[in-house]
Amino acid sequence: MSFGADTIVSRRDTWDAMRHDFQWPNMVYFNMASACVERWAHLTPDRIALICPNDKGGVKNISFQALNRMSNQFSNVLSAFGFSRGDRCAILLQQSLEAAVCHFGTYKIAGVALPLFTLFGADALKLRLKDSGATTLVTDANNLPKVLEILDELPDLKTILCIDGAIGSAFDFHTLLDQASDKFETITTGQNDPALLVYTSGTTGPPKGALHGHRVLIGHLPCVETAYNFFPKKGDVAWTPADWAWMGGLMNTMMPSLYYGVPVVAHRMGKFDPERVYQLIETHSIRTSFLPPTALKILCQIPTPGATKLRAILCGGEALGASTFEWARSELGLTINEIYGQTECNLVLGNCAHVFDPKPGSMGLPNPGANVEIVDENGKPVPAGIIGEIGIHRDHAGMFLEYWKQPEKTASKFRNDYLMTGDVAEMDEDGFFWFSSRDDDVISSGGYRIGPTEIENCLQSHPSVTFAGVIGVPDDIRGQSIKAYIVLANCAGTEKLKTELIKRVKQRVSPHVAPRTIEFINEMPMTATSKIMRRELRLLHAEKHDQGVHS
């Protein structure tokens, strides 16, 4: 494969033609650091790689040459501590120059990067650090105390570096970099050599580490190119509020943007501020962004400050809903392209408004290179209109290698060569996929199998509703009845409003899926990637209603 900025999806007039003509690149050797940083440092060394704003209004631009040299220095620091091929380096940092340096320095030395979310508490960190056997960790002064608290329980963790200076047993990250050589010969890696370990919470049991090879970047490119409406284009600048500790932030935005030589704004807000978002877009001329549904629903609650410089928005993680979809068309002047994927195999379904008109609420069509079907419990594809589980064929380049140290879990994830996602959906006659629910979120009521998403979208389109989470609760007659938890938008929760919302679902969706009960709450439990934690809602109901025996 050429290390030029050539795209891998041929531009065609129809989606079918683009899929028909697509072939995955035939790679023997591939390294994400070489592809994203080294080649640009050699071809166009002064090209901007990272735009790093600070909270004081300043900004620092980092060239590809500077990023390459710093990642070389980090590789040499790792080597000096005895880090070698296959070792895990934990990165407990927000979006930042240092986080990017750690990723690429780890890839250059053929190590495995373990991104960790900075909002994790000590218990969550201990589980991931202990299970992964990470030998090295880089963090900041704010997060270091959580690591030091559990250090005695992490026998493999030998080296801690802090980007804010030497603290306790942690070395000064920047001092070590300054002392290291900025020359390093990247170790040769194959596309299947381990490179990235991302833990996924799943629905049952402790989190599992999804191990990816260097090819994971290539696996993301078809959807990135198409869902960002033929990315890259001249003048593109990318940003996402999603943390780089998750696939959405790292692989939907940061890594593929640098692969194409597109500057990335490295900035994550402590709290999502819609006015600050618009300011950020304007100040840095951001043109492409991955924005989770939660972010978009917050953005649409304030007046849009005229035209923005955005030309493409990619959205995923939860169903967007027709009202937010139409808001973006009317207020932002663009069509949001919804996408679908999982930590184990990301960006396999998507929309491309430049080729076809997306259907609001749909996850879109299988991307070029993606063999995705609705399958039954045996992993056999089912016809259009039949509800089943989304299955992704194992031949996708973005497919994970394995669950870390869990061969049985890895094997059980596949049926008939399809990765079983656990997501229930159906495909319509045009080939569009429509999400219903997680398989463990399906509500069985009165003989019906009911997915919560459609009900939630209906409720959330009401002007008084910010978030809605729908679950099934025990019912002596129906097996389960439908209950909705509602976060309101600056209004009082009255019995009249409950009646109005129930009536709304009856009228807009169907009487048999209308909630029988509604409860107003102050905050919706969500994962770090903005997915509603319905299991937490079920626990909330159980605690409040005698272990959930009655609704």
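Before any of the text, the structure's been laid out above.
Residues numbered from 1 in each chain as written. Predicted model: local features only at pLDDT ≥ 70, side-chain atom pairs only at ≥ 80, totals over all residues. Heavy atoms only, no water.

1. Focus on the overall build of the protein
Going by this rule: Where helices and strands are cited, they refer to DSSP runs of H or I of at least four residues and of E of at least two residues respectively, numbered from the N terminus. Only protein chains enter the accessibility calculation, which uses a 1.4 Å probe; a residue is then buried when its area is under 20% of its type maximum, exposed when over 50%, and partly exposed in between. Two residues form a contact once any of their heavy atoms are found within 4.5 Å. Note that His is not counted, nor are the chain ends; the positive residues are Lys and Arg, and the negative ones are Asp and Glu. Where a charge lies is defined by one atom per residue type, namely NZ (Lys), CZ (Arg), CG (Asp) and CD (Glu).
A tally of helices and strands in the protein yields 16 helices and 27 strands. With the C-alpha coordinates of the protein rotated into their principal frame, the extents come out at 70 × 55 × 50 Å. Burial analysis of the protein (551 residues in total) assigns 59% to the buried set. Residue pairs at least 24 apart in sequence account for 67% of intrachain contacts in the protein once pairs closer than 6 positions are excluded. Of the side-chain charges in the protein, 52 are positive and 61 negative, and the distance between the mean point of each set is 2 Å.

2. Quick word on the packing of helix H8 (residues 216-227) against helix H9 (residues 247-259)
Condition: Convention adopted: a line fitted to C-alpha atoms gives each axis, helices being fitted over their contacting stretch, and angles between N-to-C directions are expressed from 0 to 180 degrees. These descriptions rest on fixed angle ranges, namely under 35 degrees for roughly parallel, over 145 for roughly antiparallel, 65 to 115 for roughly perpendicular, and the rest for oblique. Side-chain classes follow a simple rule in which Ala, Val, Leu, Ile, Met, Phe, Trp, Tyr, Cys and Pro form the nonpolar group, Asp, Glu, Lys and Arg form the charged group, and the remainder, Gly included, forms the polar group.
Direction vectors running N to C along H8 and H9 enclose 85°, while the axes themselves pass 10 Å from each other. Considering their axes alone, H8 and H9 lie roughly perpendicular with respect to each other. For the pair formed by H8 and H9, the contact residues are Val 216, Leu 217, Ile 218, His 220, Leu 221 and Val 224 on the first element and Met 247, Met 251, Asn 252, Met 255, Pro 256 and Tyr 259 on the second. Classifying every residue of the contact of H8 with H9 gives 10 nonpolar, two polar and no charged.

3. A short note on the environment of Ala 312
For Ala 312, the position within the fold is in strand E13 (residues 312-315). As for Ala 312 and Gly 388, which are separated by 76 residues in sequence, their C-alpha atoms are 31 Å apart. Setting aside anything within four residues of it in sequence, one finds Ala 312 in contact with Tyr 228, Asn 229, Arg 287, Thr 288, Ser 289 and Leu 334.

4. Describing the pairing of strand E26 (residues 479-488)
Put simply, the rule is: Criterion used throughout: strands pair if DSSP finds at least two bridges between them. By the criterion used throughout, a crossover qualifies as right-handed when its path from the first strand across the helix to the second strand runs clockwise, the strands pointing away from the viewer.
With eight of its 10 residues buried, E26 lies for the most part within the structure. As paired strands, strand E25 (residues 465-475) and E26 are joined by 10 bridges and run antiparallel to one another. Within E26, the position partnered with Val 473 by the bridge is Ser 481. Sheet topology note: the E26/strand E27 (residues 517-520) ladder contains four bridges and is parallel. Considered in E27, the bridge of Ala 484 is made with Ile 518. At this point the chain moves from E26, through helix H15 (residues 495-508), to the parallel E27, and the crossover so formed is right-handed.

5. Remarks on the pattern of salt bridges
Our working rule: We count a salt bridge whenever a side-chain nitrogen from Lys or Arg sits within 4 Å of a carboxyl oxygen from Asp or Glu.
Summed over all chains, the structure comprises 19 salt bridges. The shortest N-O distance in the salt bridge between Arg 12 and Asp 21 comes to 2.7 Å. Classification of Arg 12 as partly exposed rests on a relative accessible area of 36%. Accessibility expressed as a relative area gives 35% for Asp 21, which makes it partly exposed.

6. Notes on the packing of helix H4 (residues 97-108) against H9
Condition: Here is the rule for handedness: rotate from the far helix to the near one, and if that takes an anticlockwise turn smaller than a right angle the crossing is left-handed, while a clockwise turn gives right-handed.
Direction vectors running N to C along H4 and H9 enclose 70°, while the axes themselves pass 13 Å from each other. Judged on the interaxial angle alone, H9 and H4 are roughly perpendicular. Crossing hand, H4 versus H9: right-handed. Of H9, the residues touching H4 (which contributes His 103, Phe 104 and Tyr 107) are Leu 250, Met 254, Met 255 and Leu 258. Tallied by class, the residues present in the contact of H4 with H9 amount to six nonpolar, one polar and no charged.

7. Considering the nonpolar core
What counts is decided by this rule: Definition of nonpolar core: a set of buried residues of the types Ala, Val, Leu, Ile, Met, Phe, Trp, Tyr and Cys, connected through side-chain atoms within 4.5 Å.
Counting 81 residues, the largest nonpolar core has Leu 50, Leu 67, Phe 104 and Met 255 as the members making the most contacts within it. Leu 50 has contacts with Lys 60, Asn 61, Ile 62, Leu 67, Leu 97, Ala 100, Trp 244 and Val 264, leaving out every residue within four places of it along the chain. The next biggest cluster of nonpolar side chains, apart from the first, holds 26 residues, and it includes Val 112, Leu 125, Leu 197 and Trp 404.

8. Here's the deal with unusual backbone geometry
Cis geometry is found at the peptide bond from Phe 231 to Pro 232, where omega equals 0°. By the element assignment, Pro 232 lies in the loop between H8 and strand E10 (238-239). For Lys 405, which is not a glycine, the phi torsion comes out positive at approximately 60°. Since its relative accessible area comes to 56%, Lys 405 is described here as exposed.

9. Concerning empty space enclosed by the protein
Cut-off, in case you're wondering: With a 1 Å grid spanning the protein atoms alone, the term cavity applies to any set of points in which a 1.4 Å probe fits but cannot get out, the term pocket to an open set with protein on both sides within 12 Å along at least five of seven lines, and the term lining residue to any residue with an atom within 4 Å of a point. Grid points are joined across faces, edges and corners, and a volume is the space filled by probe spheres set on the points.
Under the definition given, this model contains four cavities of 30 Å³ or more. There is about 100 Å³ of room inside the largest cavity. As for the largest cavity, its lining consists of 14 residues, of which Lys 297, Glu 318, Ala 319, Gln 460 and Ile 532 are closest to the centre. Every element with two or more residues in the lining of the largest cavity is listed here: helix H11 (293-299) and helix H14 (453-460). Sorting elements by how many residues they give to the lining of the largest cavity places H14 first, with four residues. Across the lining of the largest cavity, the residue classes tally to five nonpolar, five polar and four charged.

10. A few points about the sheet that holds E25
Read from one edge to the other, the open sheet built from three strands follows the order E25-E26-E27, with strand pairing classed as mixed. Strands with a single pairing partner mark the edges of an open sheet, and in this sheet they are E25 and E27. Adjacent strand axes in the sheet meet at a mean angle of 25°, parallel and antiparallel pairs treated alike. The sheet contacts of helix H16 (residues 534-544) involve E25, E26 and E27, and relative to E25 the element is tilted by about 60°.

11. Side note on H9
Residues spaced three or four apart along an α-helix point in a common direction, a consequence of the helix completing one turn every 3.6 residues. Heads up, the condition is: What a helix should span is 1.5 Å times the count of its residues minus one.
In a regular helix each residue adds 1.5 Å, so 13 residues correspond to 18 Å; H9 covers only 16 Å between its end C-alpha atoms and thus falls short of that length. Where burial is concerned, most of H9 is hidden: 13 out of the 13 residues are buried. Downstream of H9 by a residue or two, Gly 261 has a phi angle that is positive, lying close to 75°.

12. Considering the packing of aromatic side chains
So the rule is basically this: Note on ring pairs: Phe, Tyr and Trp rings are taken, using the six-membered ring of Trp, and paired if centres are within 6.5 Å. Classes follow the plane angle, with under 30 degrees stacked, over 60 edge-to-face and the rest tilted. Both a distance and an angle decide whether a charge sits over a ring: NZ of Lys or CZ of Arg must be within 6 Å of the ring centre and within 35 degrees of the ring normal.
Using the criterion set out here, one finds 15 aromatic pairs in the structure. Arranged with centres 5.1 Å apart and planes meeting at 55°, the rings of Phe 81 and Phe 171 form a pair that is tilted. Of this pair, Phe 81 sits in the loop between helix H3 (64-80) and strand E3 (88-91) while Phe 171 is found in strand E7 (residues 171-172), placing the two residues 90 residues apart along the sequence. The class of Phe 81 is partly exposed, set by a relative accessible area of 34%. Arranged with centres 6.1 Å apart and planes meeting at 10°, the rings of Phe 400 and Phe 414 form a pair that is stacked. Taken as a pair, Phe 400 in the loop between strand E18 (388-393) and strand E19 (402-403) and Phe 414 in strand E20 (residues 414-415) lie far apart in primary sequence, 14 residues in all. Residue Phe 400 shares its accessibility class with Phe 414, and that shared class is buried. Each member of the aromatic cluster is reached from another via a ring pair, and the members are Tyr 228, Phe 231, Tyr 259 and Tyr 260. Above the ring of Phe 414, the side-chain terminus of Arg 394 is found at 4.1 Å from the ring centroid.

Everything listed is a geometric property; what it means functionally is a separate question.
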